[in-house]
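Here is what each chain is made of, one letter per residue.
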Amino acid sequence: MIAVIDYGVGNLFSLTASLKYLGADVKVTGEKEEIEAADRIILPGVGAFADAKEKLDQTGLVETILEQTADGKPLLGICLGMQLLFDESHEYGVHKGLGLIKGKIASIDEDLKKAGIAGLKVPHIGWNSLQFEKDEPLFRYNKPGDYVYYVHSFYGTDCEESTIATSEYGVTITGAVRSGKVYGTQFHPEKSGEAGLKMLKAFMEV
């Protein structure tokens, strides 16, 4: 069973529909016992980092997530859910993350300005091709250049040791990360067509 953590952040319909299409047994839950009973965990999320982290803290599930991943249970963070895995975010202040991925979350707009790049809209919304940095189980069914769907204004930085895929958008966008069996995708696999379904299928097998 895959536990999709519901902490009041984001529309979970597309994700659960995609997983069920692949034949997964899915449970959308905010209950500790159901997360502990699951074989895998998915942490979704949209919106602002600080608000999402506060809501996640209020559930009392942070300790459960950390315990389960420490025991080797696979976890996939998606979009803001991936960002929450990092040490900290610099989105309108500095906010502490879960510390499962070394690095920080930074502003795409600020980094484009530092690089002297103009003309690119932020939020970064749309389809971009992926380049794989490493041979990874999450991409066993994918090929370099597959297109995935992004919607975000902030991205992971200082995380080279965990980066497993990137996209280019004026700066190099961290597309996906992994540390042990903790995975994260900045893009939305559930909105990325066949390429995204292949990644979800691979996550069901890690």
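Calculation criteria
Residues numbered from 1 in each chain as written. Predicted model: local features only at pLDDT ≥ 70, side-chain atom pairs only at ≥ 80, totals over all residues. Heavy atoms only, no water. UniProt positions renumbered as here; feature names shortened; annotations may be inferred. Helix = DSSP H or I, 4+ residues; strand = E, 2+ residues; numbered from the N terminus. Buried < 20%, exposed > 50% of the residue type's maximum accessible area, 1.4 Å probe, protein only. Disulfide = S-S within 2.5 Å. Pairing = 2+ DSSP bridges. Contact = heavy atoms within 4.5 Å. Axes fitted to C-alpha atoms, helices over the stretch in contact; angles between N-to-C directions. Arc of directions from axis to C-beta. Salt bridge = Lys/Arg side-chain N within 4 Å of Asp/Glu carboxyl O. Core = buried A, V, L, I, M, F, W, Y, C linked by side-chain atoms within 4.5 Å. Phe/Tyr/Trp six-rings, centres within 6.5 Å; stacked < 30°, edge-to-face > 60°.

Engineer: What is the right way to look at the UniProt feature "active site" (unreviewed entry) in the chain in this model?
Structural biologist: Feature annotation in UniProt places "active site" (unreviewed entry) on Cys79, His188 and Glu190, given in this structure's numbering. The greatest C-alpha distance among the annotated residues, which extend across 112 residues, is 10.8 Å, indicating that they converge on a single site. Its location among the elements puts Cys79 in the loop between β4 (75–78) and α5 (80–83). Taking relative accessible area as the criterion, Cys79 reaches 6% and is therefore assigned buried. Tracing the backbone through its elements, the reader meets Glu190 in the loop between β14 (182–185) and α7 (193–203).

Engineer: Looking at this structure, how should I read the state of the cysteines?
Structural biologist: Covalent bonding between the sulfur atoms of two cysteines defines a disulfide. A complete count under the given rule lists 0 disulfides for this structure. The structure places no disulfide on Cys79, whose sulfur is separated from the nearest cysteine sulfur, that of Cys159, by 15 Å.

Engineer: Can you walk me through the sheet that holds strand β1 (residues 2–5) in this structure?
Structural biologist: Sheet strands line up and pair through hydrogen bonds in the backbone, either parallel or antiparallel. If you walk across this open sheet you meet the 8 strands as β2-β1-β3-β4-β14-β13-β12-β9, and the pairing is mixed. Of all strands in the sheet, those bounded by a partner on one side alone are β2 (26–29) and β9 (131–132). Here strand β12 (residues 163–169) runs beside strand β13 (residues 171–179); their pairing, made up of 6 bridges, is antiparallel. Paired with Thr166 across the two strands is Thr174, which belongs to β13. Along the sheet, helix α1 (residues 13–21) makes contact with β1, β2, β3 (40–43) and β4, crossing β2 at roughly 160°.

Engineer: Explanation requested: the UniProt feature "domain: Glutamine amidotransferase" (unreviewed entry) in the chain in the structure shown.
Structural biologist: Feature annotation in UniProt assigns "domain: Glutamine amidotransferase" (unreviewed entry) to the following positions: residues 4–203. Secondary structure within residues 4–203 divides into 28% helix and 32% strand; the distance between the first and last C-alpha atoms comes to 13 Å.

Engineer: Where do I start with helix α4 (residues 62–70) in this structure?
Structural biologist: It helps to recall that an α-helix has 3.6 residues per turn; residues three or four apart then point in one direction. Within α4, burial applies to Val62, Thr64, Ile65, Gln68 and Thr69. In an axial view of α4, the angular spread of the buried residues amounts to 160°, which keeps them on one side of the axis. Exposed residues pointing more than 90 degrees away from the buried face of α4 are listed as Glu63 and Ala70. Next to the buried residues of α4 lie β1, α2 (32–37), β3, α3 (49–59), β4 and β14. Following α4 by one or two positions, Gly72 adopts a phi angle in the positive range, close to 95°.

Engineer: I keep staring at the pattern of salt bridges and nothing clicks. Help me out?
Structural biologist: Side chains that differ in sign of charge can pair as their charged atoms come close. For the structure shown, the criterion picks out 10 salt bridges. As a salt-bridge pair, Lys53 and Asp57 come within 3.0 Å of each other at their nearest N and O atoms. A residue pair is termed a helical-turn pair when its members lie 3 or 4 positions apart in one helix, as Lys53 and Asp57 do in helix α3 at 4 residues. Judged by relative accessible area, which is 13%, Lys53 ranks as buried. One salt bridge connects Lys114 with Asp111, and the closest N-O pair in it is separated by 3.8 Å. Here Lys114 pairs with Asp111, and both are found in helix α6 (residues 108–114), just 3 residues apart, close to one helical turn.

Engineer: Where do I start with the nonpolar core in this structure?
Structural biologist: Note that soluble globular proteins tend to have their nonpolar side chains buried in a common cluster. Membership of the largest hydrophobic core comes to 32 residues, with the highest contact counts inside it found for Val4, Leu19 and Ile42. At the level of secondary structure, the elements contributing two or more residues to this core comprise β1, α1, β4, α6, β10 (147–152), β12, β13 and α7. Not counting the four nearest positions on each side in its chain, Val4 is found in contact with Leu12, Leu15, Leu19, Val26, Lys27, Val28, Thr29, Ile42 and Pro44. Residues Leu75, Phe86, Phe154 and Cys159 belong to the second largest nonpolar core, which totals 28 residues.

Engineer: When you look at the packing of aromatic side chains in this model, what are you seeing that I'm missing?
Structural biologist: Note on aromatic pairs: each is described by the distance of the centres and the angle between the planes. Counted under the stated rule, the structure contains 5 aromatic pairs. Considering the side-chain rings of Tyr183 and Phe203, the 6.3 Å spacing of their centres and the 80° angle between planes classify their relative orientation as edge-to-face. Of this pair, Tyr183 sits in strand β14 while Phe203 sits in helix α7, and the two are 20 residues apart along the sequence. Of the two residues, Tyr183 and Phe203, neither departs from the other in class, the shared state being buried.

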